[in-house]
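# An overview of the molecular structure
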Amino acid sequence: MAKSGGGPRFFKRRGDELTVKDGEGNKHHATLERVDADSTQEDGSFVLGYCKSCDWTGPARRARDKARKDALAHADECPSKGKVRLGVSENDPR
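Cut-offs and rules
- Residues numbered from 1 in each chain as written.
- Predicted model: local features only at pLDDT ≥ 70, side-chain atom pairs only at ≥ 80, totals over all residues.
- Heavy atoms only, no water.
- Helix = DSSP H or I, 4+ residues; strand = E, 2+ residues; numbered from the N terminus.
- Buried < 20%, exposed > 50% of the residue type's maximum accessible area, 1.4 Å probe, protein only.
- Contact = heavy atoms within 4.5 Å.
- Areas by Shrake-Rupley, 256 points an atom, 1.4 Å probe, with all protein chains shown as cover.
- Disulfide = S-S within 2.5 Å.
- Expected span 1.5 Å × (residues − 1).
- Arc of directions from axis to C-beta.
- Salt bridge = Lys/Arg side-chain N within 4 Å of Asp/Glu carboxyl O.
- Pairing = 2+ DSSP bridges.

Attention shifts here to the overall build of the protein. For the protein, the helix and strand inventory stands at 1 helix and 5 strands. For the protein, the succession of helices and strands along the chain, N to C, is β-β-β-β-β-α. Counting across all 94 residues of the protein, residues that qualify as buried make up 22%. In the protein, the share of contacts with a sequence separation of at least 24, taken over all contacts with a separation of at least 6, comes to 26%. Accessible surface for the protein amounts to roughly 7,300 Å². Of this, 46% is attributable to carbon and sulfur atoms.

See the structure below:
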């Protein structure tokens, strides 16, 4: 039995597919994906710098290059430092 309140524990891994157990002992399946250092998201006619590691979003810009530079500048200040975030949805289909 998993410890109550503990973080996720890796249970098994095959390539980029892995199975983890949460603090309550429930198994979840995930696929590993590389986190890009400079990501952007479009919102209508604006572009925002976005960090997948900590969910930071930069100011809305019209120039993609400026939004990309915002994201690169954030990478140095990111509290997660580009670490992978692991999460599952309530309705995990696997």
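The next subject is the state of the cysteines. Such a bond, covalent and formed between the sulfur atoms of two cysteines, is termed a disulfide. One pass over the full model with this rule turns up 0 disulfides. Looking at the unpaired C51, the closest cysteine sulfur is the one in C54, lying at 3.7 Å. What makes C51 buried here is its relative accessible area of 12%. Here C78 stays free of any disulfide, with the sulfur of C54 as its closest cysteine sulfur at 3.8 Å. Relative accessible area serves as the criterion here: at 2%, C78 is assigned to the buried category.

Moving on to helix α1 (residues 64-77). Its 14 residues place the ends of α1 20 Å apart at the C-alpha level, agreeing with the 20 Å of an ideal helix rising 1.5 Å per residue. For α1, every residue scored as buried is listed here: A67, D70, A71 and H74. Buried residues of α1, viewed axially, fall in a sector of 95 degrees; they line one side. Exposed and facing more than 90 degrees away from the buried side of α1 are K66, K69 and D76.

Tallied over the full model, the rule gives 3 salt bridges. The salt bridge involving R61 is made with D70; its shortest N-O contact spans 2.9 Å. In this structure, D65 engages K69 in a salt bridge whose closest nitrogen and oxygen atoms are separated by 3.5 Å. Placement of both D65 and K69 in helix α1 is noted, with a separation of 4 residues, approximately one turn of the helix. Among the residues examined, D65 registers a relative accessible area of 41% and is labelled partly exposed.

Let us look at the pairing of strand β5 (residues 46-50). Residues in a regular strand point their side chains to alternate faces of the sheet. For β5, the tally of buried residues reaches 4 of 5 residues, placing the bulk of the element in the interior. Connecting the antiparallel pair strand β4 (residues 39-43) and β5 is a turn made up of 2 residues, with G44 showing a positive phi of about 65 degrees.

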